[in-house]
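Chains, contacts and geometry: an overview
So you can see what is in the structure, the chains are spelled out below.
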Amino acid sequence: MDTPSDLPLDDAGYPAPGGVARRPAGAAESVAANRRWWDAAAPAYLAEHGTDLGDADFLWCPEGLREADAHLLGDVAGRRVLEVGCGSAPCARWLRRAGADVVALDVSGGMLARAAELNSATGIAVPLVQADVGALPLSAASVDLACSAFGGLPFVADVEGALAEVARVLRPGGRFVASVNHPFRWPLPDSPDPGDLRVVSSYFDRTPYVETDEDDRTVYVEHHRTVGDWVRAVVGAGLVLEELVEPEWTPGRTQEWGQWSPARGALVPGTLILVCAKPG
Ligand SMILES: C[S@@+](CC[C@H](N)C(=O)[O-])C[C@H]1O[C@@H](n2cnc3c(N)ncnc32)[C@H](O)[C@@H]1O
């Protein structure tokens, strides 16, 4: 699964963009670019955030909300669970330890290679699958629960297709819970400093954020949806939206994640959690 990267890296080990653009990016283009980007970024991402994520822990978001406290998935013991965009798979290992029968899926071989190492190191060997959330290699109605902590959904062009796939593999009565970038972040600068909080682009402009290489090829894409877009996509996939959770910053937590910081988190939301159910 390991995929050596051919992208140039910056001093912190992340892919160094040749340029940044706001331009359309299609479904296949987005998946291919993000797979390559996450392959390249995996070591730096996990060096920066691996301690906070843990090896067998379920952190929903930089605000510090953990499934052990939030219980958004309900009872997981004995349930068959799919984690989408698992990265190094700490959430899947936490679920396994809590008694779930879990499958961890990610598009990036680089991330899954680290997940395999942590499977060995922890002795909690969750099955790992390399696939795009838009084409899940699972049978219809084969899982009780699906979850995602910032995995895949913020990066896909066809979120309606991805949610339809999740709905397909859920059994009737099953649940899907996913954390994504809070849409409120989109028009604000990518800075943890609350002094930088000002609107620099339109909340309503869905043109993707694209990083390019020296030859103007797409190497990273983020797709924006408004709150209304998310609700429409969930309902359009045949799911019931039970709750929208906007986690507040955990008191005493000092860990920063890019623009997420305690000071900024005290003022504006950074994460939206979609709590959905498939009608029984
Ligand atoms: C911000 S990381 C989150 C990983 C993990 N859930 C965590 O909390 O660290 C985003 C993950 O989404 C994965 N991803 C991006 N696009 C995807 C897609 N189309 N299908 C599945 N996974 C995808 C990336 O490879 C990466 O591992």
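These remarks concern the structure in this document. (Residues numbered from 1 in each chain as written. Predicted model: local features only at pLDDT ≥ 70, side-chain atom pairs only at ≥ 80, totals over all residues. Heavy atoms only, no water.)

1. Comments concerning the packing of helix α1 (residues 27–53) against helix α4 (residues 109–122)
Rule in force here: In this analysis, axes come from line fits to C-alpha atoms, helices being fitted only over the stretch in contact, and the angle between any two N-to-C directions falls in the range 0 to 180 degrees. A helix here means a DSSP run of H or I that spans at least four residues, while a strand means a run of E at least two residues long, and both kinds are numbered starting from the N terminus. Each angle receives one of four descriptions, namely roughly parallel if under 35 degrees, roughly antiparallel if over 145, roughly perpendicular if within 65 to 115, and oblique otherwise. Residue contacts follow a heavy-atom distance rule, with two residues in contact if any of their heavy atoms lie within 4.5 Å. Residues are grouped as follows: Ala, Val, Leu, Ile, Met, Phe, Trp, Tyr, Cys and Pro are nonpolar; Asp, Glu, Lys and Arg are charged; all remaining types, including Gly, are polar.
The contact between α1 and α4 brings their axes to 6 Å, and the two run at 40 degrees. Looking at the two axes, α1 sits oblique to α4. In this structure, α1 contributes W38, D39, A42, Y45 and L46 to the contact, and α4 contributes G109, G110, M111 and R114. Of the residues assigned to the contact of α1 with α4, the class counts are five nonpolar, two polar and two charged.

2. Some remarks on the site of the ligand
Here is the rule: Summary of the distance rule: residues count as near a molecule or strand when at least one heavy atom falls within 4 Å of that molecule or strand. Any N or O atom pair separated by 3.5 Å or less is treated as a polar contact, with the protein-specific requirement of one donor-capable and one acceptor-capable atom, and with residues adjacent in sequence counted only for side-chain atom pairs. Using the Shrake-Rupley algorithm and a 1.4 Å probe, accessible areas are obtained, with residue cover drawn only from the displayed protein chains.
Around the ligand there are 20 residues in total, and Y45, D106, D132, V133 and A149 lie nearest to it. A distance of 3.0 Å separates a nitrogen atom of the ligand from a polar atom in the backbone of G85. With respect to the ligand, the backbone of A149 contributes an N or O atom lying 2.8 Å from a nitrogen atom. When the free accessible area of the ligand is taken as 590 Å², the share hidden by the protein chains comes to 95%. Per-element accounting of the shell around the ligand gives the leading share, three residues, to α1.

3. Examining the sheet that holds strand β7 (residues 209–212)
Cut-off, in case you're wondering: Note on pairing: two strands pair once DSSP finds at least 2 bridges between them.
Judged by pairing direction, the sheet is antiparallel, and its three strands sit side by side in the order β1-β7-β8 without closing on themselves. The two strands at the open ends of the sheet, each matched to only one other strand, are β1 (19–22) and β8 (218–222). Ignoring which end each strand starts from, the neighbouring axes of this sheet average 25 degrees apart. Bridge analysis of β1 against β7 gives four bridges, and the strand direction is antiparallel.

4. Let's talk about the side chain of S191
Checked against the element boundaries, S191 lands in the loop between β6 (170–181) and β7. Polar side-chain contacts of S191 include one of 3.1 Å to the backbone nitrogen of D193. In this structure S191 touches D196, Q259 and R264, once residues within four positions along its chain are discounted.

5. A short note on the pairing of strand β10 (residues 271–277)
A regular strand places its side chains so that they alternate between the two faces of the sheet. Test applied: The buried label goes to any residue with under 20% of its type's maximum accessible area, the exposed label to any with over 50%, and the partly exposed label to all in between, with areas taken from a 1.4 Å probe on protein chains only.
Here β10 lies mainly inside the structure; seven of its seven residues are buried. Of the two faces of β10, the one lined by T271, I273, V275 and A277 and the one lined by L272, L274 and C276 are each fully buried. Sheet topology places β6 next to β10; seven bridges connect them, and they run antiparallel. Bridged to V180 within β10 is L272. Bridge count for strand β9 (residues 240–245) against β10 is five bridges, and the pairing is antiparallel. From the neighbouring strand, V245 faces β10, where its bridge partner is I273.

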